Amino acid sequence: MDADHPMCGVLIPCLITVLIDSRTGVADTAGICTSQLPDALVLCLVYNRQSIEGTAAIARSIKDARKSQKKPSLKMEFVPSRVEERSTVEAARRHTAQRFIDLIEGGPRKVEQSLRRAEVRNYPWCAFEEKLAVFEEYPDERGSLLDAMHDLARRITGSSKIAIRPVDADVLSSYWRRAAFDDPRLFDLRAISDQPTLDAWSQVQFWLDNAVADDGERPEWLMSLAEAALSFVLRRDNRLSLRTGATFAETAEQLARRAYNEEPTTYATRYALILDDIAGLLQRNGEFEKALSLSLNAERLWQADRSPIAKWRHARLLDRRAAILDTLGRSDEVIETYKEIAEIYRAIGRRSLPVGNEIEPARTQRLLASKLLERGDGGGAERAIIAAVKLLSQTSTARDRDLGEIIEILITRLKVAMEIGDERFEKVAGQVLLHADRLLPANGGRDRVQDEFFLCQSELCRRHGQFDEALFRIESTSADFQSLPRVALQKAEILLDAGREHEAMEAMLSNIRSGAPLTEQALGLFRRAIGSSELGGLYFDELLSTLTKSDEQGASTFIPAMRALTEKMRHDGTDFSQLVPLLQTFIRKPI
């Protein structure tokens, strides 16, 4: 090894020094390295009988071989290693001196002194990791491993001018990280992950930039850094700019991919989780096509793992994809995705699901039923929601976190029965109410299902022209339930069907005044009310005034032009219901 190489840690006053690490024993290959090639020989041993006797035998064999070949004798250095500080060392040292009396010049006392001077103590810090002393200890620290190695180098070369060459701190840190079992930065990364985002992000950014630039980084550091960076972006209190957050997420994916490519078996799961998290982030930011692309990549990783937990994660990933597809209006793909999720859960079995996720198969069937109902497939919706209720029947007790989903499943069962027809509705409703009594708490959960039951009854009555009975059913629900926008709209629709336009108009206006959004359904009902009444012009004015108060920003540029138009149309005797579609700008998604 070149003496100027930074790994040497020492400067030896010669052009080249070649160090040969020979095999132990007296085999042919070992004999070449220990007898024929070297100018000097270092024999390391430990203070036990086997090592002492073996080292002495090898040294005598080399000495005899050199003598028989009429070669000059070798300079030998004996280095007792891993020497413990205890009383038995003294006896072992004396025994070693007696066995080496003919191998080291001088009498027994001088031999013992030579061994004592050459001894290298036991240093636990270097026992399990490939750390070089030059990177771990200070130069000239007496009693250190580095000091012992320098002393040995001076004895081998016969020079007292050996000095330590300074090594750059960054170089030391780099070599240390590559040799250690655990990258020391992992501890710093865990510590910084607990800090507020704005306090820690600059350090994380520094690490990210360095990792991108360094092709030699270890996979564990790359993956851990990627996970930490993404965790900052996903925090609820995230105060990073959108640009910084996007950079963190993009870099996290790049580093995680590098770790996965180096060790696919080790990092497949963690890489898939990162892809899923980034897909969720893109989904929240409205980048749906990118989110779908990443979810497909994660899906390939989950499909390669046939374990129940991987299948469950695959199902959760598909659940996210269904939500994205639903947002994009791709209803047929949404339905097929929910069917695939349901099949995965059937393959896993409820008992193999992670604790706390037993409700997921039933939830999937409920979502599938809702989408099939929207498509007009009543039979398919009924089969799916019956499967969901059957899964609920296998639950003896419900967790608090599952109560909301249980309520939704029972309500969906009522809605599906109502849409299919009212012949069996009362029977199905009775079964649903029994499930509610068994699975839901008396205060809150059961009342909600009861209110939805009355609402379904009201709708069936409306369809049969029994308007007073329909209104009575709505009025039988709780006051909080009646204040829900969709319930208020259903009441308004009943009033319109009954020819009570003024009451319907008042109900809808009151709904908007209370903060309900203007939806497509509400707009259609307003159009009916205004078009079917002689007071349509007054109703339309009242609607404009209510919208102005509820959405001043949207109304500031639109309402004045609308009022000018209505004044002209009033003189012409025009049907004001024709203007209602122009109010599309106020439409909001229902809450």
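Anyway, here's the lowdown on the structure attached to this text. Predicted model only: the values in this text are computed from it and were never measured. (Residues numbered from 1 in each chain as written. Predicted model: local features only at pLDDT ≥ 70, side-chain atom pairs only at ≥ 80, totals over all residues. Heavy atoms only, no water.)

**Brief notes about helix α4 (residues 108-118)**
Count 3.6 residues to each turn of an α-helix, and residues three or four apart come out pointing the same way. Taken as a whole, α4 has its buried residues at Val111, Glu112, Leu115 and Ala118. Seen along its axis, α4 keeps its buried residues to an arc of 130°; they face one direction. For α4, the exposed residues lying more than 90 degrees away from the buried face are Arg109, Lys110 and Arg117. (Buried < 20%, exposed > 50% of the residue type's maximum accessible area, 1.4 Å probe, protein only. Helix = DSSP H or I, 4+ residues; strand = E, 2+ residues; numbered from the N terminus. Arc of directions from axis to C-beta.)

**Observations concerning the pattern of salt bridges**
Going through the model one piece at a time under the given rule, you end up with 38 salt bridges. Between Arg330 and Glu289 there is a salt bridge; the shortest N-O distance is 3.5 Å. Placement of the pair is Arg330 in the loop between α14 (308-327) and α15 (331-348) and Glu289 in helix α13 (residues 288-303), with a sequence separation of 41 residues. Several salt bridges share partner residues, and in doing so they unite Glu419, Glu459, Arg462, Arg463, Glu493, Asp497 and Arg528 into one network. (Salt bridge = Lys/Arg side-chain N within 4 Å of Asp/Glu carboxyl O.)

**Quick notes on the pairing of strand β2 (residues 75-80)**
In terms of residue burial, β2 counts as a mostly covered element, since 5 of its 6 residues are buried. Bridge count for strand β1 (residues 40-45) against β2 is 6 bridges, and the pairing is parallel. Paired with Leu45 across the strands is Pro80, a residue of β2. Once the chain exits β1 it traverses helix α2 (residues 49-68) before rejoining the sheet at β2, and the crossover so formed is right-handed. (Pairing = 2+ DSSP bridges. Right-handed = clockwise from strand over helix to strand, strands pointing away.)

**Considerations on the side chain of Thr364**
Mapping Thr364 onto the fold places it in helix α16 (residues 360-375). Those residues within four positions of Thr364 in sequence are excluded, and the remaining contacts are Tyr338, Ile341, Ala342 and Tyr345. (Contact = heavy atoms within 4.5 Å.)

**Examining a nonpolar patch on the surface**
A contiguous nonpolar surface patch, about 380 Å² in accessible area, is contributed by Val18, Ile20, Ile32 and Leu37. Structurally, the position occupied by Val18 is in the segment before α1 (28-36). (Patch = residues over 30% accessible without salt bridge, like charges linked within 9 Å, V, L, I, M, F, W, Y side chains within 5 Å. Areas by Shrake-Rupley, 256 points an atom, 1.4 Å probe, with all protein chains shown as cover.)

**As for the environment of Arg99**
Here Arg99 lies in helix α3 (residues 88-99). Residue Arg99 is classed as partly exposed on the basis of its relative accessible area of 26%. Considered as a pair, Arg99 and Ala56 are 43 residues apart in the sequence and their alpha carbons are 6.7 Å apart. A polar atom in the side chain of Arg99 sits 2.9 Å from the side chain of Glu53. (Polar contact = N/O pair within 3.5 Å; in protein donor to acceptor, adjacent residues only side chain to side chain.)

**Looking at the packing of helix α18 (residues 403-420) against helix α20 (residues 445-463)**
The description of two helices packed together rests on the angle between their axes and the distance between the axes. α20 packs onto α18 with a crossing angle of 15° between their chain directions and a minimal axis gap of 10 Å. Our classification of the angle between α18 and α20 gives roughly parallel. Crossing geometry of α18 relative to α20 is assigned as right-handed. Residues Ile407, Glu408, Leu410, Ile411, Leu414, Lys415, Met418 and Glu419 of α18 form the contact with α20, whose participating residues are Gly445, Arg448, Val449, Glu452, Phe453, Cys456, Glu459, Leu460 and Arg463. In terms of residue class, the contact of α18 with α20 is made up of 9 nonpolar, 1 polar and 7 charged. (Axes fitted to C-alpha atoms, helices over the stretch in contact; angles between N-to-C directions. Parallel < 35°, antiparallel > 145°, perpendicular 65-115°, else oblique. Left-handed = near helix turned anticlockwise from the far one by under 90°. Nonpolar A, V, L, I, M, F, W, Y, C, P; charged D, E, K, R; others polar.)

**Some points on the packing of aromatic side chains**
What characterises a pair of aromatic rings is the spacing of the ring centres plus the angle enclosed by the ring planes. Inspection of the entire model under this criterion finds 5 aromatic pairs. For the ring pair Trp207 and Trp221, a centre distance of 5.4 Å and an interplane angle of 90° mean the geometry is edge-to-face. Residue Trp207 is located in helix α9 (residues 197-213), and its partner Trp221 is located in helix α10 (residues 219-234); the two are separated by 14 residues in the primary sequence. Taking relative accessible area as the criterion, Trp207 reaches 9% and is therefore assigned buried. The exposure class of Trp221 is buried, given its relative accessible area of 1%. Centre to centre, the rings of Tyr260 and Tyr271 are 5.3 Å apart; their planes meet at 25°, and the pair counts as stacked. On the criterion of sequence distance, the pair formed by Tyr260 in helix α11 (residues 242-262) and Tyr271 in helix α12 (residues 264-284) is long-range, its members being 11 residues apart. Linked through ring pairs, Phe425, Phe453 and Phe454 together constitute an aromatic cluster. A cation sits over an aromatic face here: Arg185 above Trp221, 4.1 Å from the ring centre. (Phe/Tyr/Trp six-rings, centres within 6.5 Å; stacked < 30°, edge-to-face > 60°. Lys NZ or Arg CZ within 6 Å of the ring centre and 35° of its normal.)

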